[in-house]
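Here is how the chains run, residue by residue.
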Amino acid sequence: QRVGIATKASEAPFVIGGDYNATPEEVNASGFPQLANAVIVAPDDPHGTCSSGLGRTLDLYVINVGMQLAVENIQSLLHSGLAPHSPVELTLLTPSH
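Residues numbered from 1 in each chain as written. Predicted model: local features only at pLDDT ≥ 70, side-chain atom pairs only at ≥ 80, totals over all residues. Heavy atoms only, no water.

K.L.:
Is there a simple way to think about the overall build of the chain in this case?
P.N.:
Broken down by element type, the chain carries 3 helices and 5 strands. Counting over 97 residues, the chain shows a buried share of 33%. When contacts within the chain are restricted to residue pairs at least 6 apart in sequence, long-range pairs at least 24 apart make up 59% of them. For the chain, the accessible surface area stands at approximately 6100 Å², while carbon and sulfur atoms represent 56% of it. (Helix = DSSP H or I, 4+ residues; strand = E, 2+ residues; numbered from the N terminus. Buried < 20%, exposed > 50% of the residue type's maximum accessible area, 1.4 Å probe, protein only. Contact = heavy atoms within 4.5 Å. Areas by Shrake-Rupley, 256 points an atom, 1.4 Å probe, with all protein chains shown as cover.)

Have a look at this one:
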């Protein structure tokens with residue numbers, strides 16, 4: 001919540017990625033994204049991101065609303081060799097000059 005309050009006050013763009021140990025739905029239900037003026041960006045992969053979590057997606061990004069149009073791609077790197085969580089790669093469009 002502290003991150004959300006500080007971000008909402010400054011309206012600064014941000015990307016917070018990590019293992020939330022919660023599904024996108026659970027993170028959303030916490031109220032954090034709304035408090036931070038943010039949206040959840042998570043891969044839509046049937047295998048999920050956590051092999052020990054029965055295919056649940058627990059690794060995701062929370063980004064401020066203003067950045068959602070810059071999301072080019074989000075994907076799980078299922079063959080990274082890491083376990084039990086697969087890294088999640090977020091690709092953002094760069095502004096053209």
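K.L.:
Hey, could you run me through the environment of Met 67 in this one?
P.N.:
Note that Met 67 resides in the loop between β3 (59-64) and β4 (71-76). A relative accessible area of 16% means that Met 67 is categorised as buried. Sequence-distant contacts of Met 67, that is, excluding residues within four places in its chain, are made with Pro 13, Phe 14, Val 15 and Leu 92.

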